[in-house]
Amino acid sequence: MTRDGLMMRVSALIGRLADGSRDDAARDALLQDLLRWQCSNVDVYGRVVRGLCAPDEADALRFPAVPTDVFRVARVAAHAAALDVRTFHTSGTGKGARGSHHLRDLSLYDQGAQAAAKRMLFPDVARMPLVILAPSANEVPDSSLSYMLDRFATWFGAGEALHVLRDSQLDTALLERTLRTAVNTRQPIALLGTSFAFVHAEDSFGSLRFMLPSGSRIMQTGGFKGRSRSVEPGEMLQMLSARYGVQEAFIVQEYGMTELCSQLYETTLRDAALGHALGPRRLWAPGWVRVSVVNPDSLMPVPDGETGLLRIDDLCNVDTACAIQTSDRGLRVDDGVLVQGRATGATPRGCSLATDAALGG
Amino acid sequence: MTTLAPDAEEIVKLHARLRLAASTLRALPVAERAALVAVAAERLLDVTAAPGRALRYDLLSSTGLTPPVIEHGLRTTLGLFSRDALLALHAERDAAHPTQSMVVVLSGNLFSAAARPLLLPILCGCSVLAKASSSDDALPRHVQRALTNIDARLGAACEILTFAHTDGERTGALLQGPKLVSVYGSDDAVSAISARVQSGTRLLAHGHGLGAMFVASDALADAPSAREIAHRAALDVAAYDQRGCLSPHAVIVQQGGAVDARAFARLLGDALQALAQPFARGALSPEAAAAQMQWRGVAAAVGELQCASDSAVSYEAHAPLRVSPGYRNISVLDCADVSGLRARLLPLGRHVKALGVAGLRARDELSALAPYVCEIGTMQTPPLDAALDGVHPLAGYG
């Protein structure tokens, strides 16, 4: 089993499942091989596996996943730093060091991101104008979101993508002009950005309302950690729909993490665009990603319908760690998952100090 | 959130009633007050009697701790309140400015933390109006009931209110009038109360904190000694599921002993695992479990992790001290000497409330590191007269 061999197998699987089909047996077989290879070749992953359990080599799918905090304190990679082609960092909105994801190769990232976005964000169009409420990758080269959105501009954009967030400032005048043009020319557009940028726009626009042409869509991503204002998902959906005149089904969440190369998307846009019946709003994982809901204490899978923490096994993370243990709470809904916020900020029930408070004081 | 309290207007009237009750209380000789308080504690400790059974039943749901851990907490706390011990403590008091009545705010503490602030004022003839935590008011209410059942004069001098900390109206009424307010809780809770107390009122702050352990090289002369220290350390970690302000979050082992820090970490892991059955850990909330998962992952990545189902010990050599999420997760670190220990604890500042020590004959310089310095194995069982926040337990109202 070699790294190049694993890369080729993952690429072939993505190619085969890009149409949305599934082959979970093939995915899991490849995951078994990748997990074993990473256990031997990614030093930190091997340490995590040995520290958190007595690994059963026969079933690598039960190897523990790497908790996201590990990316803050250690280099999680099979390769030397000299071979990094890109390092993505977490946003740093929380306390402490930022997490780092060191990539040796972006080909699987690109292949997976393009296939998933084509299926879930642009199933009905080849290209359309993109308006991006996030900094460009030139401005923030260590942001995985900015990288992905810049790639979207290449793959799905009609003309040059418009970044309305520059130097940490949302250019609301430019955004307003762009929205008015879309309305006047009846040209559907895609608004893609961070949830907080949309809230910022919301706060700036006051009574302005837009009725974007049918086919327009909104993709929002990220939470509100470290921000002065947060908005509940249901409220956010209503707010965006009312502000931009986009039907709620065409407004979707993207779930991505710096530590992952693949993304999950809500299902409603695809279903609505293709005239399918809308199921419950949930996140869909592409066929090369395995999402498990695990008991937060034992880290073992919970029965369907029970809430737990999301563990995500992403085959595109060949050179780092494919098994990521998040602190996000979620549960299975139909063929997808529903994220219910993050299980953080725990203060022990007693008079012991919370970790942040202790080291902050 | 539970509210078991009269409205603000009634709370103001309660202050006046409690001042009267204090006069009656003071008319009793101290020996009688001590005897009655001791009987109240005994009744609550007695698992065969109705009050003791009811208390344990309520604590099981309010604390999330398992029965043996609750029992340990009760025995090592209420068990201290003997008549003789109370009289000895009373004899040490500074009676220059005795307080007639006081307010106690108990917000988010271990259940047993309510015993001292409720019973010691009664011993001193001071009535108490206590605001219990809205998430756990079991022990305060059972203490009040026990006092009432034993002697109505004592019961009348102790009133318990349960309401949310966000209830500004009731909080305002609670803080209206007393000359002494004692607050147990987080830094935020202490600040919030501190901002509302009236001028001229004395505030005793008992903020949240944590503990650490220091194992000097002379204590690790051989494997049996190290094993015995590890066993005692495990008891300190496991008590209250490591949720108390005296609970240790790191063991700092001095280099140069026959057993090194790495080996000590393994012994501690074994000792904690041995407690898993007889002294089981309670269930974790999703937030606590997530914090544990992240802490353990980092421990495995930067050090060596010995992980059992409900405890984990990491050996992190010279890595910076990390505060564990509690619930029986602890790290073991190296240091060269007491200066190294001081440097290790520096980031925790004033939050270090307890330092458990093994070995080291000359401990004078350790007293600057924590207000409560004790032998490993006794961190969670301080004596009645322990100066837990650096002040005598009767300070302010004795």
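Source: prediction; values computed, not measured. (Residues numbered from 1 in each chain as written. Chains lettered and ligands numbered in written order. Predicted model: local features only at pLDDT ≥ 70, side-chain atom pairs only at ≥ 80, totals over all residues.)

Peer 1: Talk me through the overall build of chain B; I want residue IDs and the actual numbers.
Peer 2: If you tally the helices and strands in chain B, you get 14 helices and twelve strands. The C-alpha radius of gyration of chain B comes to 22 Å, within 12% of the 21 Å expected for a compact globule of 398 residues. A buried classification covers 54% of the 398 residues belonging to chain B. A separation threshold of at least 6 residues defines the contact pool for chain B, and within that pool the share at least 24 residues apart is 73%. (Helix = DSSP H or I, 4+ residues; strand = E, 2+ residues; numbered from the N terminus. Rg over C-alpha atoms; globule rule 2.2 N^0.38 Å. Buried ≥ 20, exposed ≤ 12 C-beta atoms within 10 Å, placed from the backbone. Contact = placed C-beta atoms within 7 Å.)

Peer 1: Let's hear about helix α14 (residues 338–345) of chain B: which residues, and what values?
Peer 2: Residue and element names in this part refer to chain B. Within α14 the residues assigned to the buried category are Leu341, Arg344 and Leu345. The buried residues of α14 occupy one face: seen down the axis, they fall within an arc of 90°. Those residues of α14 that are buried lie in contact with β6 (210–215), β7 (248–254), β10 (329–335) and β11 (352–358). (Arc of directions from axis to C-beta.)

Peer 1: Lay out the packing of helix α1 (residues 3–17) of chain A against helix α2 (residues 24–41) of chain A in plain terms, naming residues and giving numbers.
Peer 2: All names here are of chain A. Orientation of α1 relative to α2, taken along the N-to-C sense of each, is 155°, at an axis distance of 11 Å. Our classification of the angle between α1 and α2 gives roughly antiparallel. Note on packing geometry: the crossing formed by α1 with α2 is left-handed. Residues Leu6, Arg9, Val10 and Leu13 of α1 lie in contact with α2, whose contacting residues are Ala26, Arg27, Leu30, Asp33, Leu34 and Trp37. Taken together, the residues of the contact of α1 with α2 sort by class into seven nonpolar, no polar and three charged. (Axes fitted to C-alpha atoms, helices over the stretch in contact; angles between N-to-C directions. Parallel < 35°, antiparallel > 145°, perpendicular 65-115°, else oblique. Left-handed = near helix turned anticlockwise from the far one by under 90°. Nonpolar A, V, L, I, M, F, W, Y, C, P; charged D, E, K, R; others polar.)

Peer 1: Lay out the interface of chain B and chain A with the relevant residues and their values.
Peer 2: Counting from both sides, the interface comprises 43 residues of chain B and, opposite them, 33 residues of chain A. Mapped onto the side of chain B that touches chain A, the elements with two or more residues apiece are α13 (286–302) and β8 (304–308) of chain B. With 15 residues, the single largest contributor to the side of chain B that touches chain A is α13 of chain B.

Peer 1: Give me helix α5 (residues 107–120) of chain A: which residues, what numbers.
Peer 2: All names here are of chain A. Taking 1.5 Å of rise per residue, the 14 residues of α5 would be expected to cover 20 Å, and the 20 Å separating its terminal C-alpha atoms lies within 8% of that figure. Within α5 the residues assigned to the buried category are Leu108, Tyr109, Gly112, Ala113, Ala115, Ala116, Ala117 and Met120. Contacts made by the buried residues of α5 are with α1, β3 (100–103), α6 (144–156), β11 (264–266), α10 (268–273) and β12 (283–284). (Expected span 1.5 Å × (residues − 1).)

Peer 1: Kindly report on the pairing of strand β16 (residues 336–342) of chain A, identifying the contributing residues and their values.
Peer 2: Residues and elements named next belong to chain A. Across five bridges, the pairing between strand β15 (residues 323–333) and β16 is antiparallel. Within β16, the residue paired with Arg332 across the bridge is Val337. Counting the residues between successive antiparallel strands, the hairpin from β15 to β16 contains two residues, one of them, Asp334, with a positive phi of roughly 50°. (Pairing = 2+ DSSP bridges.)

Peer 1: How would you summarise the pairing of strand β2 (residues 127–132) of chain B if you had to cite specific residues and measurements?
Peer 2: It is a general feature of regular strands that their side chains alternate between the two faces of the sheet. All names here are of chain B. Judged by how many residues are buried, β2 sits mostly within the fold: six of six residues are covered. Of the two faces of β2, the one carrying Ser127, Leu129 and Lys131 and the one carrying Val128, Ala130 and Ala132 are both buried. By the bridge criterion, five bridges tie strand β1 (residues 101–106) to β2 in an arrangement that is parallel. In the strand pairing of β2, Val104 is matched with Ala130. Handedness of the crossover joining β1 and β2 through helix α6 (residues 115–123): right-handed. Here five bridges tie β2 to strand β3 (residues 158–162), and the two strands are oriented parallel to one another. Bridge pairing in β3 links Val128 to Cys158. (Right-handed = clockwise from strand over helix to strand, strands pointing away.)

Peer 1: Tell me about the environment of Phe163 of chain B, and name the residues and values.
Peer 2: All names here are of chain B. For Phe163, the position within the fold is in the loop between β3 and α9 (168–174). The exposure class assigned to Phe163 is buried, which follows from the 21 C-beta atoms found within 10 Å. Residues Phe163 and Glu32 lie 131 residues apart in sequence; the distance between their C-alpha atoms is 33 Å. When neighbours within four sequence positions are excluded, Phe163 is seen to be in contact with Thr3, Ala5, Lys131, Ser134 and Arg170.

Peer 1: For the sheet that holds strand β5 (residues 202–207) of chain B, give the residues involved together with the corresponding values.
Peer 2: Residue and element names in this part refer to chain B. If you walk across this open sheet you meet the five strands as β3-β2-β1-β4-β5, and the pairing is parallel. With one partner strand each, in any of the chains shown, β3 and β5 form the two edges of the open sheet. Along the sheet, successive strands turn relative to each other by an average axial angle of 15°, direction set aside. Packed on one face of the sheet, helix α1 (residues 8–27) meets β1, β2 and β3 and runs near 140° to β2. Across the sheet, helix α10 (residues 187–194) is in contact with β1, β4 (180–185) and β5; its angle to β4 comes to roughly 160°.

Peer 1: Account for the sheet that holds strand β12 (residues 372–375) of chain B, naming residues and giving values.
Peer 2: Pairing between the strands of a sheet comes from backbone hydrogen bonds, and it takes one of two forms, parallel or antiparallel. Residues and elements named next belong to chain B. Spatially, the seven strands line up as an open sheet ordered β8-β9-β10-β7-β6-β11-β12, and their pairing is mixed. Two strands lie at the open edges of the sheet, namely β8 and β12, each paired on one side alone. Averaged over all adjacent pairs, the angle separating strand axes in this sheet is 20°, with direction ignored. Both β7 and β10 contribute to a ladder of five bridges, which runs parallel.

Peer 1: An account of the domain arrangement of chain B is needed here, citing residue identities and associated values.
Peer 2: Residue and element names in this part refer to chain B. Per the domain assignment, the segments making up chain B are domain 1 (8–207) and domain 2 (210–375). With eight residues of domain 1 in contact, the opposing surface of domain 2 contributes eleven residues. Tallied by class, the residues present in the side of domain 1 that touches domain 2 amount to four nonpolar, four polar and no charged. (Domains from an automatic or database assignment.)

Peer 1: Describe the nonpolar core, naming the residues involved and giving the relevant values.
Peer 2: Residue and element names in this part refer to chain B. Core analysis: the biggest nonpolar cluster contains 239 residues, and Val37, Val215, Phe264 and Leu268 have the highest contact counts within it. Among the elements that make up this core, the one with the highest residue count is α13 (eleven residues). Here this core gathers at least three residues from each of two domains, domain 1 (8–207) and domain 2 (210–375). (Core = buried A, V, L, I, M, F, W, Y, C linked by C-beta atoms within 7 Å.)

Peer 1: Run through the packing of helix α2 (residues 30–45) of chain B against helix α3 (residues 50–63) of chain B, naming residues and quoting values.
Peer 2: Residues and elements named next belong to chain B. Between α2 and α3, the least distance of the axes is 6 Å, while the angle of their chain directions is 65°. On α3, the residues touching Arg43, Leu44 and Leu45 of α2 are Pro51, Gly52 and Leu55. For the contact of α2 with α3, the residue count by class is four nonpolar, one polar and one charged.

Peer 1: Can you break down unusual backbone geometry residue by residue, with the values?
Peer 2: With a phi angle near 55°, Arg186 of chain A is a residue other than glycine that sits in the positive phi range. Positionally, Arg186 of chain A belongs in the loop between α7 (172–185) and β8 (190–194). Phi at Asp241 of chain B takes a positive value of approximately 50°, unusual for a residue other than glycine. For Asp241 of chain B, the position within the fold is in the loop between α11 (223–238) and β7. With 30 C-beta atoms packed within 10 Å, Asp241 of chain B lands in the buried category.

Peer 1: Report on the environment of Val291 of chain A, specifying residues and quantitative values.
Peer 2: All names here are of chain A. Position of Val291 among the secondary structure elements: in strand β13 (residues 289–294). Using a count of 19 C-beta atoms within 10 Å as the deciding quantity, one classes Val291 as partly exposed. On a C-alpha basis, the gap between Val291 and Arg332 in space is 9.1 Å, while along the polypeptide they are 41 residues apart.

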